[in-house]
Amino acid sequence: MGVVADAWTWLVTGSNWSGENGAAHRLAEHLYVSGAALAIACLIALPLAFRLGHVGRGGSFAVNVSNVGRAVPVFAVLALFMVTPLRNSGYWPTIIALVLFAVPPLLTNAHVGMAEVDRSVVEAARGMGMSGGQLFLRVELPLALPMVMTGLRSAAVQVVATASIAAMVGLGGLGRIITAGFNTYDTAQVFAGAVLVALLALAVEGVLAAAGRLLTPSRRRRAV
C-alpha cells in the first residue's frame, strides 16, 4: 500500500500538474497524439470499409491486408522511423505508427457491420427507389453503426494506451511521466503515470460507449 499511497500523493500535489513537464501538459500532448492518429485512421479505414461493404466486393482482401499492422509491434515501426528523415518530424513518426495500429480494428468492424446488414432490407430499400447514396445513409450505415462504434472504441483505447511509446523517443505525452520516474527511481511517479494512462483509456472507452448507445437506431426510437 505504500506505493499506492505515494502515487496518490504525487497525483494530488499541484506542482506535479503545472509547468511544461507537468501532468496537465503531458495529458494535452497525449490527447493530441492519440486524437490525430485516430482521426487519420478513421479517414483511411472507414470510407474504404463503407465502400467495399456497400459494393460487396474486395472487403476480405482489404481486411487481411490491414491486419498485417497488428502483427508488427508499434515500437518496431517507430524505431524504423527513427533511422529515416522522419526522425526530425516531431510527433509524426509516432502518429503514423499508431495509425497503422488503429486501422485494422476500424476497417474490420466497419466492414463486418456493413456485410451483416440484412440483404432483404437492402433489396426492399432498392425496390422503393432509393439511390445508392440514400441506401447507404438511410439503411446500411444505421444498421452497421453498432459494429462501427465497437471498432472505434477498440481502436481508440488501443491508441490511447499505446501512445505512451512517444516517450521512448524523447517526445511528450503521459509516457514521459513514467520514463521520468524510471530515470529518477521514483516508483510512485511511475505508478502515477501508469494510473493516468489507464484512467484516460477508461474515460475514452466510457465516452465512446455512451455515444454508441445514443447513436444506436433502436435506442433512438425508444427515446422518441
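Located above this text is the structure these notes cover.
Residues numbered from 1 in each chain as written. Predicted model: local features only at pLDDT ≥ 70, side-chain atom pairs only at ≥ 80, totals over all residues. Heavy atoms only, no water.

Visitor: Would you explain the packing of aromatic side chains in this entry?
Guide: The description of an aromatic ring pair rests on the distance of the ring centres and on the angle between the ring planes. Counted by the stated rule, this structure contains two aromatic pairs. Summarising the aromatic geometry, the rings of Tyr32 and Tyr91 are spaced 5.9 Å apart at their centres and angled 70° between planes, so their arrangement reads as edge-to-face. Placement of Tyr32 in helix α2 (residues 23-55) and of Tyr91 in the loop between α5 (74-81) and α6 (92-115) is noted, with a sequence separation of 59 residues between them. Exposure remark for Tyr91: the relative accessible area of 19% places this residue in the buried category. Residues Phe50 and Phe136 carry aromatic rings whose centres are separated by 5.3 Å and whose planes lie at 55° to one another, so their mutual orientation is tilted. With a gap of 86 residues between them, Phe50 in helix α2 and Phe136 in helix α8 (residues 132-162) connect regions that are remote in the sequence. As far as burial versus exposure is concerned, Phe50 and Phe136 are alike and both buried. (Phe/Tyr/Trp six-rings, centres within 6.5 Å; stacked < 30°, edge-to-face > 60°. Helix = DSSP H or I, 4+ residues; strand = E, 2+ residues; numbered from the N terminus. Buried < 20%, exposed > 50% of the residue type's maximum accessible area, 1.4 Å probe, protein only.)

Visitor: Is there a simple way to explain the pattern of salt bridges in this structure?
Guide: Side chains bearing opposite charge may pair, as long as their charged atoms lie close to each other. Going through the model one piece at a time under the given rule, you end up with two salt bridges. Arg26 is the salt-bridge partner of Glu29, the closest N and O atoms lying 2.9 Å from each other. Here Glu29 pairs with Arg26, and both are found in helix α2, just three residues apart, close to one helical turn. A relative accessible area of 14% means that Glu29 is categorised as buried. Two residues, Glu205 and Arg153, come together in a salt bridge whose shortest N-O distance is 2.6 Å. Remark: Arg153 occurs in helix α8 and Glu205 occurs in helix α10 (residues 187-215); sequence separation between them is 52 residues. On the basis of relative accessibility, which here comes to 27%, the residue Glu205 falls in the partly exposed class. (Salt bridge = Lys/Arg side-chain N within 4 Å of Asp/Glu carboxyl O.)

Visitor: Sorry, what's going on with helix α9 (residues 175-183) here?
Guide: Residue pairs spaced three or four apart in an α-helix point in one direction, given the helix's 3.6 residues per turn. If you check which residues of α9 are buried, you get Gly175, Ile177, Ile178, Thr179 and Gly181. Elements in contact with the buried residues of α9: α1 (2-12), α2 and α10. Trailing α9 by a residue or two, Tyr185 shows a phi angle of about 55°, which is positive. (Contact = heavy atoms within 4.5 Å.)

Shape is all these values report; function is a separate question.
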